[in-house]
Amino acid sequence: MADAFATITQKRMTGGFRIDDIDGQKIHVDPGPGALVRTYQFGLNPLKLSGVMVSHSHTDHYSDAEVLIEAMTGGMTRNKGFLIGSRSVVEGYKSWGPCISKYHLKKPQVTVLEAGGYKKIGKIKITATRTVHGDPKAVGFKFQLSDFTLSYTSDTAYFEELQNEHKGADVLLASVIRPGDEKIRGHMSANEFGKLVGEVSPKLAIMTHLGMKLITGNPDQEAENITKKTGIKTIAASDGLTINLDDFRPKQQTLDEF
Ligand SMILES: [Zn+2]
Ligand SMILES: [Zn+2]
């Protein structure tokens, strides 16, 4: 199996991130404002996308989803690619969403995921994880291959069972809004994330979606504190950060049969 399985590109603040690729799929997750522009800025091609995923109905996670769907489908000329979104994003739920027009839902294969639900894309199992957030239908996403798991909490408060949702993650990616112990409703502080990192015990932990207070403070120091406390490599995402996921995946075994 020679799956090119390379990088995840992470943008501070609002562009979301792109997995490029996982089992041959190029997926943009939570394309907020600037996602399209930054895709080009960092030398990636939105026309090559195989999927767009949106975790919940807040603008900073969905605003560029429609333009990325247009790029993915060749300007809406082809049935191509997939869209996976929360119920609020795709169908709307009470006063949340919908966030994507009926027109843009026509060309990609559309899947609605509620917490606990999953969808197989090729060899990848994508499970929606639970959150506690303003949008009651908000989910995180867990991407599982036979030998690798990437888990993304999306926006959520810390809660005791959160670790179960992300158990087994090799790489854990989370929205962390505030430094230290500063609490904010529906989100995790750096210390709470540190607790989650200790519980999930991934090979790499990444703080993303950093709030203003974290950016103007010292996000690298916050990450360093978590690394020291847990012994698990933790980093704060910065614009254009690229991580080679293969570094956190067991070496591929090759078997030659004669
Ligand atoms: Zn949110
Ligand atoms: Zn957010």
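(A) Region of interest: the overall build of the chain. Regarding its fold elements, the chain presents 8 helices and 15 strands. Its C-alpha radius of gyration of 17 Å places the chain within 12% of the 18 Å reference for a compact globule of 258 residues. With the principal axes as the frame, the chain shows a C-alpha extent of 60 × 50 × 35 Å. Across the 258 residues in the chain, those meeting the buried criterion constitute 48%. For the chain, restricting intrachain contacts to residue pairs at least 6 apart in sequence, the fraction spanning at least 24 positions comes to 58%.

(B) Region of the structure containing the nonpolar core. Among the nonpolar cores identified, the biggest contains 60 residues, and V52, L68, V176, F193 and M207 are the most heavily contacted of them. When residues in this core are grouped by element, the largest group, 6 residues, is from strand 11 (residues 171–178). Aside from chain neighbours lying at most four places away, what touches L68 is H28, P31, A35, L36, P46, L49 and V52.

(C) Representation of the environment of Q163 in the model. As for its position among the elements, Q163 is in helix 5 (residues 162–165). Residue classification places Q163 among the partly exposed positions, given that 18 C-beta atoms sit within 10 Å. Residues Q163 and G180, 17 residues apart in the sequence, show an inter-C-alpha distance of 19 Å. When residues no more than four places from it in sequence are discounted, the contact partners of Q163 are L196, E199 and V200.

(D) Representation of the packing of helix 6 (residues 190–200) against helix 8 (residues 219–230) within the structure. Contact pair helix 6 / helix 8: the axes reach a minimum separation of 10 Å and the direction vectors enclose 35°. Crossing handedness for the pair helix 6 and helix 8: right-handed. The segment helix 6 lies against helix 8, with A190, F193, G194, V197 and G198 engaging E222, N225, I226, K229 and T230. Of the residues in the contact of helix 6 with helix 8, the class split is 4 nonpolar, 4 polar and 2 charged.

(E) Highlighting the environment of G51. Relative to the assigned elements, G51 resides in strand 4 (residues 51–54). Excluding residues within four positions of it along the chain, G51 makes contact with Q25, I27, G81, F82, I84 and I121.

(F) Representation of the pairing of strand 9 (residues 140–145). Inspection of the sheet shows strand 8 (residues 124–129) paired to strand 9 by 5 bridges, in the antiparallel sense. Within strand 9, the residue paired with K125 across the bridge is Q144. Pairing of strand 9 with strand 10 (residues 148–152) involves 5 bridges; the strand directions are antiparallel. When the bridges of strand 10 are listed, K142 appears paired with S151. Once strand 9 ends, the chain turns through 2 residues before running back antiparallel as strand 10.

(G) Structural view of helix 8. Between its terminal C-alpha atoms helix 8 stretches 17 Å, which fits the 16 Å expected from 12 residues at 1.5 Å a residue. For helix 8, every residue scored as buried is listed here: P219, E222, A223 and I226. Summarising the axial view, the buried residues of helix 8 lie within an arc of 100°, below the 170-degree limit, and thus occupy one face. Residues Q221 and K228 are exposed on helix 8 and point more than 90 degrees away from its buried face. Contact partners of the buried residues in helix 8: helix 6, strand 13 (204–208), helix 7 (212–216) and strand 14 (233–236).

What counts and how
- Residues numbered from 1 in each chain as written.
- Chains lettered and ligands numbered in written order.
- Predicted model: local features only at pLDDT ≥ 70, side-chain atom pairs only at ≥ 80, totals over all residues.
- Helix = DSSP H or I, 4+ residues; strand = E, 2+ residues; numbered from the N terminus.
- Rg over C-alpha atoms; globule rule 2.2 N^0.38 Å.
- Buried ≥ 20, exposed ≤ 12 C-beta atoms within 10 Å, placed from the backbone.
- Contact = placed C-beta atoms within 7 Å.
- Core = buried A, V, L, I, M, F, W, Y, C linked by C-beta atoms within 7 Å.
- Axes fitted to C-alpha atoms, helices over the stretch in contact; angles between N-to-C directions.
- Left-handed = near helix turned anticlockwise from the far one by under 90°.
- Nonpolar A, V, L, I, M, F, W, Y, C, P; charged D, E, K, R; others polar.
- Pairing = 2+ DSSP bridges.
- Expected span 1.5 Å × (residues − 1).
- Arc of directions from axis to C-beta.

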